[in-house]
Amino acid sequence: MSLEFASMRAGFRRLTASPAAPAAATAAAAPSPPRSRRLRAADFYRPCLRRAGTPHPATAIAKAVMETKESVAASAASSPPVRIVAVVGEGALSPLKGAAWSEVMLHTAKRLKWVDDGFEMHVFTDNFCQIKDQASAKLREELRHADILVIVAVTSQESVKWIERSSGNIQNIISFDSSPSLSNKLGGSVVQTETKGTIFGKLVGTFESKQTNENSRVIETVSEAWMRRNSDDIRFCLLVVINAYIRPVPILKNLRSKGFSTLNCMVKNCGPQILNCLLDPNCRKALQCLNQCSPVDQVCNYRCIASYESPNLEAFSLCVLQKNNCLELDAAIPEKPYVPPMVKFRGEKICHESAEDLFVGWLGNLDWSWRVVAGQNPAYDQFPCQYQLFYRGKAKGSFWYEPVFQVKTLEGKMVWRRRKYRVKRGKIPGTFYFSVLDNGVVSNEFWVCFTTAEQHEPRGSPILVQCLRVRTGSIRRRRVTVD
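Residues numbered from 1 in each chain as written. Predicted model: local features only at pLDDT ≥ 70, side-chain atom pairs only at ≥ 80, totals over all residues. Heavy atoms only, no water.

Asks: I'd like a rundown of the overall build of the chain, residues and numbers included.
Replies: Looking only at helices and strands, the chain features 13 helices and 18 strands. Sorting the 483 residues of the chain into buried and exposed places 52% on the buried side. A separation threshold of at least 6 residues defines the contact pool for the chain, and within that pool the share at least 24 residues apart is 62%. (Helix = DSSP H or I, 4+ residues; strand = E, 2+ residues; numbered from the N terminus. Buried < 20%, exposed > 50% of the residue type's maximum accessible area, 1.4 Å probe, protein only. Contact = heavy atoms within 4.5 Å.)

Asks: Give me the lowdown on the state of the cysteines, citing residues and values where you can.
Replies: Within this structure, the stated rule accounts for four disulfides. Put simply, Cys270 and Cys319 are joined by a disulfide, and their sulfur atoms are 2.0 Å apart. Taking the sign of the S-S torsion, -90 degrees for the link of Cys270 and Cys319, the bridge is left-handed. Of the two residues, Cys270 sits in helix α9 (residues 260-279) while Cys319 sits in helix α12 (residues 311-323), which places them 49 residues apart along the sequence. This pair shows no difference in class: Cys270 is buried, exactly as Cys319 is. The residue that forms a disulfide with Cys277 is Cys283, at a sulfur-sulfur distance of 1.9 Å. Linking Cys277 and Cys283, the disulfide has an S-S dihedral of approximately -90 degrees and is accordingly described as left-handed. When sorted by exposure, Cys277 lands in the same class as Cys283, which is buried. (Disulfide = S-S within 2.5 Å.)

Asks: Any chance you could break down the pairing of strand β4 (residues 172-176) for me, citing the residues and the numbers?
Replies: Within β4, five of the five residues are buried, leaving the element largely enclosed by the surrounding structure. Of the two faces of β4, the one lined by Asn172, Ile174 and Phe176 and the one lined by Ile173 and Ser175 are each fully buried. Direction of pairing for strand β3 (residues 148-152) relative to β4: parallel, over a ladder of five bridges. Across the sheet, the residue bridging to Ile148 is Asn172, located in β4. (Pairing = 2+ DSSP bridges.)

Asks: Summarise the confidence of the model for the chain; cite the residues concerned and give the values.
Replies: Of the residues in the chain, 67% reach a pLDDT of 70 or more, and the chain-wide mean stands at 76. Across residues 49-62 the pLDDT falls below 50, and counting only partners more than four positions away or on other chains, this stretch makes 13 contacts in the model. Here residues 473-483 scores under 50 on pLDDT; set against residues more than four positions off or in separate chains, the count is 60 contacts. (pLDDT = per-residue confidence, 0-100.)

Asks: Run through the packing of aromatic side chains, naming residues and quoting values.
Replies: Considering all chains together, one arrives at 20 aromatic pairs under this definition. Pairing Phe359 with Phe434 gives two aromatic rings, centres 6.4 Å apart and planes at 75 degrees, and the pair type is edge-to-face. With Phe359 in helix α13 (residues 352-360) and Phe434 in strand β15 (residues 431-438), the pair connects residues that are 75 residues apart, well separated along the chain. Phe359 gets classed as buried once you look at its relative accessible area, which sits at 4%. Judged by centre distance (5.5 Å) and plane angle (65 degrees), the rings of Tyr401 and Trp447 are edge-to-face. One end of the pair, Tyr401, is in strand β12 (residues 399-408); the other, Trp447, is in strand β16 (residues 441-452), and 46 residues separate them in sequence. What makes Tyr401 buried here is its relative accessible area of 3%. Aromatic rings pair up to connect Phe359, Phe390, Phe399, Tyr401, Tyr421, Phe432, Phe434 and Trp447 into one cluster. (Phe/Tyr/Trp six-rings, centres within 6.5 Å; stacked < 30°, edge-to-face > 60°.)

In structure tokens, the structure reads:
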């Protein structure tokens, strides 16, 4: 929900001018999970029968893969490619668990393809700049056609001079943690910042007013995203530059509010909800907190929401974002990456029931199905403590998911939060559609159960189930995150 709230800053800045009274956030004990029938570890999977004539899951998976590839290829062909060259310091290590910057940028290149197949990024280390060989010739050739040059952790003066001689034609050059001698360019204009060797910092020098404002916004956005130090926001930095100076990036549409039109929609349709929110110290505090967050800072946005949850905040966002869509946001469900679901478990073919059993997991033996020990996205699945509860409902075919997670509020207190998702089966066994009303905004997710560690463990032992979760949403679908 971070993008929707962050995009509203211009719309409700005037509405939150009055000071907010401090709100006390008290830690509560973790909510008790619903009880379910008792399961043994060996009962995680129940064999199921496939009706005669029903297509095998593998056939459906292969068909889905081909349809996805054809759809993506058709959409990519309609837009010109964006060529990016990344030059990183030889042997330089990133803050992402000490991985080499070359590995990080190669991974980013792959993830850019998930957004648009026309985004092409070639990664080189700066030792190619100093050696006249085939790799150096390839780098020089790529630089001739590049739309963006990204320089990371390059400090060798020999490399710096080589890059300066070879990149004069490139319209967009951004450098991070590199030599102060390197220049940054946005939209063909040299950008001078207070901090040399990086694009961070305030602009200095003279530009046309409109260009200065545009460059300032891009630098602010890119700087805050880069400092988040995770793979999502490294990719986001490049998408912001592409969107601002090369061609529109659909998933960044409506990053900011529409000013008066947004405010007019809010006042016209949601007057009582706005008033109730402003009169509620917790809700008002949430809006003021969100005003201070960058649209790209999902952690900041979600901490504001989780710290100051209240019925009035939910009513406010339900009216403004969900029912009336005052920000006019929408986003297509991402088609990449496509990860096929697992076909067999413990030698038996997976069906919908057995896939659900894997999710139910230890509930019955324990008070929860699974505990989360690691997460990819710092905004949505990295919390001090998380429990997952999956269970079947009373109605035939109903299935529910309740994450119970601990949040450290902005006041430094620990509180428990809980969500309740409705889960529906996908067409292929092992795929699911999740939906939840999260503080007034409907979030839709697509889950794929693609592997387990059961082949390495004896029957009856604890198993690890790995799933891919694709979040979507706006008002109806929100900014896409794949984890």
